[in-house]
Amino acid sequence: MRPAPALAEGFPDLSGMRIAREPHWFRWISAALIVLVLAAIVRAFANGQIEWSYVSRFLTAKVILEGIVNTMVMAVLAMALGILLGIVVAIMRLSPNPVLKTVAAGYTWLFRGTPLILQLLLWFNLALVFPTIGIPGLWSARAVDVMTPFLAALLGLGINQGAYTSEVMRAGMLSVDIGQYEAAQAIGMGRLRALRRIVLPQAMRVVIPPLGNEFIGMVKATSLASVIQYPELLHNAENIYYANSRVIELLIVAGLWYLLVVSFLTPLQMLLERRFARGTLRLAR
Amino acid sequence: MTKPLVAIRSVSKNFGEFQALKNVSLDVWPGEVMCLIGASGSGKTTLLRCINQLAVIDSGGIWLDGELLGVREQGGRLHRLGEREISRQRLKTGMVFQRFNLFPHKTALENIIEGPLQVQGRKADEVCAEALELLRRVGLSAKADSYPAQLSGGQQQRVAIARALAMKPMLMLFDEPTSALDPELVGEVLAVMKELAKSGMTMMVVTHELGFAREVADRVVYMDQGAIVEQGRASDVLGAPREERTKAFLSAVI
């Protein structure tokens, strides 16, 4: 073996030395300032015209709990409808068929282009346009009986959500490499089967963060259904303060519940993300 | 008299202004191993993609196992086949891609059984047994439960070969199967392909591995600018090329 050449002088061996910790004075000072400001805000609210006993009393009132249940039921159902519509519309949008493409684009245009609260009011007041609805000769009913606040809210929120979700889904499908479609075709899959088995599962990984966003938005958007008498959280809180005039206290109750629900949704989203990240981490398993 | 497995007649294919294939005609015989060589853009990959209909030809015709691909003749006109028919025709060919294109959300075994289970609707236990045998054949028995991201490029390409073989194709198409691999991983993939050639599989291989072509190919086809310039036995085309363009290409490559 050839001997290594002698190393040059003047470069000491640092292998035994540790890296010193920096004091980070600025971080300490700024953190202290922020704590002070927060304390001042808390103090202001504690001394303000708020009867906190009302907040704690109504936080677990039956009507409020029913409201939060109705809010969650509506958010989950409307989101499910939105995702279903979103997937179908995204597939239509990416189809080679110009009719399907145009229908999909028109749907997105219409339901993204008008305010959600307006759409809710339109669904709820459908009876003004069509006094009776049904299938001619088979079944018919008075629209006021069919179009309950629940159904109007579900249709309004779900169909509107579908328009947004379709764009999220389309982005996810476009993010999957074209080679994946080709490989699926090469083993004899048709377009829809390739989408369902190969492309959508991979797109899910990309769309879950924006869908989580959309779902959080949906939980809060259900509060708009209060204008069409759907008994969700905000609507019930309003009904209470119409009776006892404790407006701010009940709004705080509602706000705390929304915050609590949304706080639980974030870890839930992380669980879903892990499920769909299969195979993407080198050390998975 | 035997018939060619693939008969390509006067096939042209354009991408906008660019003529990818110009009036190409070629026969591939059962059991033959054919290597397609040529510079990039010469049309060899396009020809392969036309055979399994990932690209649609503009004119001419391709017959696979006696069946006209992609279109049906009726009343003196050609009618395009529906997606279902095209999928059925694709089952006769297996394709191996330059960039492997394994399904990243499925394990090696799941990649292999996906087609037989979902497309051919065969029984799971039978398909799994065959898939494990295929994995053994490509030397990856230990990797059945690994995801593609946990495999080296060479291992991924061998899984991709097994995935294509699982559909029991009559013809295997290889689109530059070793071009995306680190040099030390090329050998393991070529070894699997050699074994496959020995087993009597009909193969069309687009490749830059002239050593592989010399050793394994029954016929070498040299393409340039969308046309076949020269073809023949590997020793002739690679050892004693007649055309000037072939000579120029070979001297540039070697």
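About the thresholds
Residues numbered from 1 in each chain as written. Chains lettered and ligands numbered in written order. Predicted model: local features only at pLDDT ≥ 70, side-chain atom pairs only at ≥ 80, totals over all residues. Heavy atoms only, no water. Helix = DSSP H or I, 4+ residues; strand = E, 2+ residues; numbered from the N terminus. Rg over C-alpha atoms; globule rule 2.2 N^0.38 Å. Buried < 20%, exposed > 50% of the residue type's maximum accessible area, 1.4 Å probe, protein only. Areas by Shrake-Rupley, 256 points an atom, 1.4 Å probe, with all protein chains shown as cover. Lys, Arg positive; Asp, Glu negative; His and termini not counted. Charge placed at Lys NZ, Arg CZ, Asp CG, Glu CD. Salt bridge = Lys/Arg side-chain N within 4 Å of Asp/Glu carboxyl O. Expected span 1.5 Å × (residues − 1). Contact = heavy atoms within 4.5 Å. Buried area = accessible area lost by both parts, 1.4 Å probe. Polar contact = N/O pair within 3.5 Å; in protein donor to acceptor, adjacent residues only side chain to side chain. Nonpolar A, V, L, I, M, F, W, Y, C, P; charged D, E, K, R; others polar. Pairing = 2+ DSSP bridges. Axes fitted to C-alpha atoms, helices over the stretch in contact; angles between N-to-C directions. Phe/Tyr/Trp six-rings, centres within 6.5 Å; stacked < 30°, edge-to-face > 60°. Lys NZ or Arg CZ within 6 Å of the ring centre and 35° of its normal.

J.: Can you walk me through the overall build of chain A in this structure?
T.: Across its full length, chain A holds twelve helices and two strands. Reading the helices (α) and strands (β) of chain A from amino to carboxyl end gives α-α-α-α-α-α-β-β-α-α-α-α-α-α. Since a compact globule built from 285 residues should have a radius of gyration of about 19 Å, the 28 Å found for chain A marks it as more spread out than a globular shape. For chain A, buried positions account for 37% of its 285 residues. For chain A, the computed accessible surface area is about 17,900 Å², with 69% contributed by carbon and sulfur atoms. When the 24 basic and 14 acidic side-chain charges of chain A are each reduced to a single mean position, those positions are 8 Å apart.

J.: Would you mind going over the pattern of salt bridges with me for this structure?
T.: Pairing of side chains with opposite charge becomes possible as their charged atoms draw close. Residue and element names in this part refer to chain B. In this structure the tally under the stated criterion is 24 salt bridges over all chains. The closest approach of N and O atoms between D65 and K92, which form a salt bridge, is 3.7 Å. Within this pair, whereas D65 is found in the loop between β4 (59-64) and β5 (67-68), its partner K92 is found in the loop between α2 (83-90) and β8 (93-96), the two being separated by 27 residues in sequence. Under the relative-accessibility criterion, D65 is labelled partly exposed at 38%. Each of D65, E67, E85, R88 and K92 takes part in a single network of salt bridges with overlapping partners.

J.: Just to check I follow, could you spell out helix α1 (residues 25-47) of chain A for this structure?
T.: Structurally, the α-helix is built with 3.6 residues per turn, so residues lying three or four positions apart point the same way. Taking 1.5 Å per residue, 23 residues should reach 33 Å; α1(A) reaches 33 Å between its end C-alpha atoms and fits that length. Taking burial as the measure, the 23 residues of α1(A) include zero buried ones, a minor fraction of the element.

J.: Would you take a moment to explain the interface of chain A and chain B for this structure?
T.: Where interface size is given, it is often the accessible area lost as the parts come together that is meant. Facing the 26 residues of chain A at the interface are 27 residues of chain B. Both sides together, the interface formed by chain A and chain B hides about 2,400 Å², and carbon and sulfur atoms give 51% of it. The largest share of the area that chain A buries against chain B comes from E182(A), I187(A) and R197(A), three residues that together contribute 24% of it. Counting the contacts that link chain A with chain B gives two salt bridges. In this structure, R49(B) and E182(A) form a salt bridge, with 2.5 Å as the shortest nitrogen-oxygen distance. Linking chain A with chain B are seven residue pairs in polar contact (both at pLDDT 80 or more). When its residues are assigned to classes, the side of chain A that touches chain B shows ten nonpolar, seven polar and nine charged.

J.: Sorry, what's going on with unusual backbone geometry here?
T.: Trans peptide bonds make up the majority, and among non-glycine residues the majority have a negative phi. Residues and elements named next belong to chain B. Phi at S10 takes a positive value of approximately 50°, unusual for a residue other than glycine. Tracing the sequence through the fold places S10 in strand β1 (residues 6-15). The phi dihedral of N23 falls on the positive side, at around 55°, and the residue is not glycine. Considering the arrangement of structural elements, one finds N23 in strand β2 (residues 18-28).

J.: How do you make sense of the sheet that holds β4(B) when you look at a structure like this?
T.: Paired through backbone hydrogen bonds, the strands of a sheet run either parallel or antiparallel to each other. Residues and elements named next belong to chain B. Spatial ordering of the open sheet is given by β2-β1-β4-β5, a layout of four strands whose pairing is antiparallel. Edge positions in the sheet fall to β2 and β5, since each has one partner strand and no second. Bridge count between β1 and β2: seven bridges; the pairing is antiparallel. Residue K13 lies in a different strand from β2, and its bridge partner there is L21. Here helix α1 (residues 44-51) sits on the sheet and contacts β1, β2 and β4; the angle it forms with β2, its principal contact strand, is near 65°.

J.: Explain the packing of aromatic side chains here, please?
T.: The description of two aromatic rings rests on the distance between their centres and on the angle between their planes. Residues and elements named next belong to chain A. Under the defined criterion, the tally for this structure stands at five aromatic pairs over all chains. With centroids separated by 6.3 Å and ring planes inclined at 10°, the aromatic side chains of Y54 and F58 adopt a geometry described as stacked. Of this pair, Y54 and F58 both sit in helix α2 (residues 52-59), separated by four residues, roughly a single helical turn. Look at Y54 and you get partly exposed, because its relative accessible area is 22%. Arranged with centres 6.1 Å apart and planes meeting at 50°, the rings of F150 and Y230 form a pair that is tilted. Taken as a pair, F150 in helix α8 (residues 149-175) and Y230 in the loop between α10 (191-221) and α11 (233-244) lie far apart in primary sequence, 80 residues in all. For F150, a relative accessible area of 33% puts it in the partly exposed group. Residue placement shows R275 over the ring face of F276; its charged tip is 5.8 Å from the ring centre.

J.: For this particular structure, what's the right way to read the sheet that holds strand β12 (residues 227-232) of chain B?
T.: Residue and element names in this part refer to chain B. Read across the open sheet, the six strands follow the order β8-β9-β10-β3-β11-β12; overall the sheet is mixed. Both edges of this open sheet fall to β8 and β12, since each of them pairs with a single strand only. On average, each strand axis in the sheet is inclined to that of its neighbour by 20°, with strand direction left out of account. Note: β8 against strand β9 (residues 171-175), four bridges, orientation parallel. What sits directly across from G94, in β9, is M172. Strands β3 (33-37), β11 (219-224) and β12 of the sheet are contacted by helix α9 (residues 244-253), whose axis makes an angle of about 95° with β11.

Honestly, it's all geometry; don't read function into it.
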